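# Commentary on secondary and tertiary structure
For reference, the chains in residue letters:
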Amino acid sequence: MRIVSWNMADRPPGDQSRWETLRGLGADLALVQEAVPGPHHRAVYRPSGIAGRDGKARPWGSAVVALTDEVSVTPVGLAEGWWQGRSLGLAPLDCVSRGHVAIARVQARERSFTAISAYGLMEFGYASGTLLRTLADLEPLLDDPELGDSVILAGDWNIGTWWSGRDAKYAQREGAILDLLAAYGFVDCLYRDLPVGRGRLPECGCDLGDGCRHVWTFKKAGSERAYMDDYLFASGPIAEQLRNARVTPDWGWQAGGSDHAPLIADLDA
Ligand SMILES: [Zn+2]
């Protein structure tokens, strides 16, 4: 079974070929961003798009989509934190209500896990705050015995550690946010599964020298510099079961219709 996370960049919305691209990649389950599913999709999403705090209209959003009969998805809109065996009550998930995050409980054959498609909405110029607020929202879910046991958290977060020069402070801040995920039990699957001897990504502009472990997930128009804005993290048993997390090899930036490359990971049958 194959899981794909992808910013589809379907704006203006309506390009159906992107869904064919997902099927062509062999996806059974898709965690998508800047996506516009329709009623014909078996998808968890906010139909009117994203309601950002800045009031800008965005008729697209995040979704968790079942693409084959192997998979079913059930929406999650509330989470119940627990402490010392006691419920802390049902907590709302503002990130879901606003549409920049979609959460589904996934049933795939005998396996059950929570899939979170998270988009780093750029509000007032910053996406880092969106991810911090999302993580704050998710804390009860991660402690919820029914939902936090086994979690995939993936998407275009619009943050990274590739900043350099006078912008290096953003690499520090955003790297710290990515590190924070480890404290909640998440594993960075792309980082884990990158071949040990790969070396520096040639097109990367980061300040990390030979320590560069970036993968190229985002291409700015007119630029040949590599950016890594997309991530695939997991916690609990599903983190162990996901194999070979990677960016789509030889991704054709133009042919794919999006300026982001899909992330792929496989689950044993
Ligand atoms: Zn790098």
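Report on the accompanying structure. (Residues numbered from 1 in each chain as written. Predicted model: local features only at pLDDT ≥ 70, side-chain atom pairs only at ≥ 80, totals over all residues. Heavy atoms only, no water.)

### Here's the deal with the packing of helix H3 (residues 128–143) against helix H4 (residues 168–183)
The geometry of a pair of packed helices is captured by two quantities: the angle between their axes and the separation between those axes. As a packed pair, H3 and H4 sit with axes 10 Å apart at the nearest point and diverge in direction by 20°. As far as their axial angle goes, H4 and H3 are roughly parallel. Considering how the two elements wind past one another, H3 and H4 form a crossing that is left-handed. Between H3 and H4, the contacting residues are Ser128, Leu131, Leu132 and Leu135 on the first element and Glu174, Ile177, Leu180 and Leu181 on the second. For the contact of H3 with H4, the per-class residue count stands at six nonpolar, one polar and one charged. (Axes fitted to C-alpha atoms, helices over the stretch in contact; angles between N-to-C directions. Helix = DSSP H or I, 4+ residues; strand = E, 2+ residues; numbered from the N terminus. Parallel < 35°, antiparallel > 145°, perpendicular 65-115°, else oblique. Left-handed = near helix turned anticlockwise from the far one by under 90°. Contact = heavy atoms within 4.5 Å. Nonpolar A, V, L, I, M, F, W, Y, C, P; charged D, E, K, R; others polar.)

### Brief notes about the coordination of the zinc ion
Ligation of the zinc ion by protein atoms is provided by Cys204 (SG), Cys206 (SG), Cys212 (SG) and His214 (ND1), these donors lying 2.1 to 2.4 Å from the ion. In this structure, the zinc ion is coordinated by four donor atoms arranged in tetrahedral fashion, with angles at the metal of 101 to 117°. Each donor residue of the zinc ion belongs to the same chain, with the gaps between them written as C-x1-C-x5-C-x1-H. Residue cysteine 204 is located in the loop between helix H5 (189–193) and strand E14 (230–235), and its partner histidine 214 is located in the loop between H5 and E14; the two are separated by 10 residues in the primary sequence. Cysteine 204 sits in the buried class, given a relative accessible area of 8%. (Donors = N, O, S within 2.8 Å, 3.2 Å for Na, K, Ca; no water. Tetrahedral: all angles 85-135°; square planar, octahedral: opposite > 155°, others 65-115°. Buried < 20%, exposed > 50% of the residue type's maximum accessible area, 1.4 Å probe, protein only.)

### Thoughts on helix H1 (residues 17–24)
Those residues of H1 not exposed but buried are Arg18, Trp19 and Leu22. The arc that holds every buried residue of H1, seen down its axis, measures 100°, which confines them to one face. Seen from the buried face of H1, the exposed residues on the opposite side, beyond 90 degrees, are Glu20 and Gly24. On the buried face of H1, the contacting elements are strand E1 (2–7), strand E2 (29–35) and strand E6 (61–66). (Arc of directions from axis to C-beta.)

### As for the pairing of strand E8 (residues 78–83)
Relative to strand E9 (residues 86–92), E8 is paired through five bridges, and the arrangement is antiparallel. Bridge assignment links tryptophan 82 to a residue of E9, and that residue is serine 87. Between the end of E8 and the start of E9, which pair antiparallel, lie two residues, with glutamine 84 showing a positive phi angle near 50°. (Pairing = 2+ DSSP bridges.)

### Concerning the pairing of E6
Most of E6 is tucked away, with six of its six residues classed as buried. The sheet contact formed by E2 and E6 spans five bridges and is antiparallel. Across the sheet, residue leucine 31 finds its bridge partner in E6, namely valine 64. As paired strands, strand E3 (residues 42–45) and E6 are joined by four bridges and run antiparallel to one another. Looking at E6, one finds that alanine 43 is bridged to valine 65.

### Quick word on the packing of aromatic side chains
Summed over the entire model, instances satisfying the criterion amount to 10 aromatic pairs. By the ring-pair criterion, three or more aromatic residues cluster together here, those being Trp162, Trp163, Tyr170, Phe218 and Tyr227. The ring centre of tyrosine 191 lies 5.8 Å from the NZ or CZ of arginine 213, which sits over that ring. (Phe/Tyr/Trp six-rings, centres within 6.5 Å; stacked < 30°, edge-to-face > 60°. Lys NZ or Arg CZ within 6 Å of the ring centre and 35° of its normal.)

### Topic: the sheet that holds E14
Taking strand neighbours across the sheet as the criterion, the six strands line up as E7-E10-E11-E12-E14-E13 in an open arrangement whose pairing is mixed. This sheet does not close on itself; its edge strands, each paired only once, are strand E7 (71–75) and strand E13 (187–188). Where strand E10 (residues 101–108) and strand E11 (residues 111–118) come together, eight bridges link them in antiparallel fashion. Residue pairing in the sheet places arginine 105 in a bridge with threonine 114 of E11.

### Some thoughts on the pattern of salt bridges
Taken as a whole and judged by the stated rule, the model has 15 salt bridges. The partner of arginine 42 in a salt bridge is aspartate 69, with the nearest N and O atoms 4.0 Å apart. On the criterion of sequence distance, the pair formed by arginine 42 in strand E3 and aspartate 69 in the loop between E6 and E7 is long-range, its members being 27 residues apart. The exposure class of aspartate 69 is exposed, given its relative accessible area of 77%. For aspartate 268, the salt bridge goes to arginine 243, with nearest N and O atoms at 3.4 Å. Of the two residues, aspartate 268 is situated in the segment after strand E16 (263–267) and arginine 243 in strand E15 (residues 242–247); the sequence distance between them amounts to 25 residues. Since its relative accessible area comes to 42%, arginine 243 is described here as partly exposed. Via salt bridges that share partners, Arg2, Arg246 and Asp266 belong to a single interconnected network. (Salt bridge = Lys/Arg side-chain N within 4 Å of Asp/Glu carboxyl O.)

### Notes on H4
Over its 16 residues, H4 extends 23 Å from the first C-alpha to the last, a length consistent with the 22 Å expected when each residue adds 1.5 Å. Every buried residue belonging to H4 is among Tyr170, Ala171, Glu174, Gly175, Ile177, Leu178 and Leu181, and all of these are buried. In an axial view of H4, the angular spread of the buried residues amounts to 150°, which keeps them on one side of the axis. Residues of H4 that are exposed and point more than 90 degrees away from the buried face comprise Gln172, Asp179 and Ala183. For H4, the elements touching its buried residues are H3, strand E12 (151–156) and E14. Immediately beyond the C-terminal end of H4, within one or two residues, lies glycine 185, with a positive phi of roughly 95°. (Expected span 1.5 Å × (residues − 1).)

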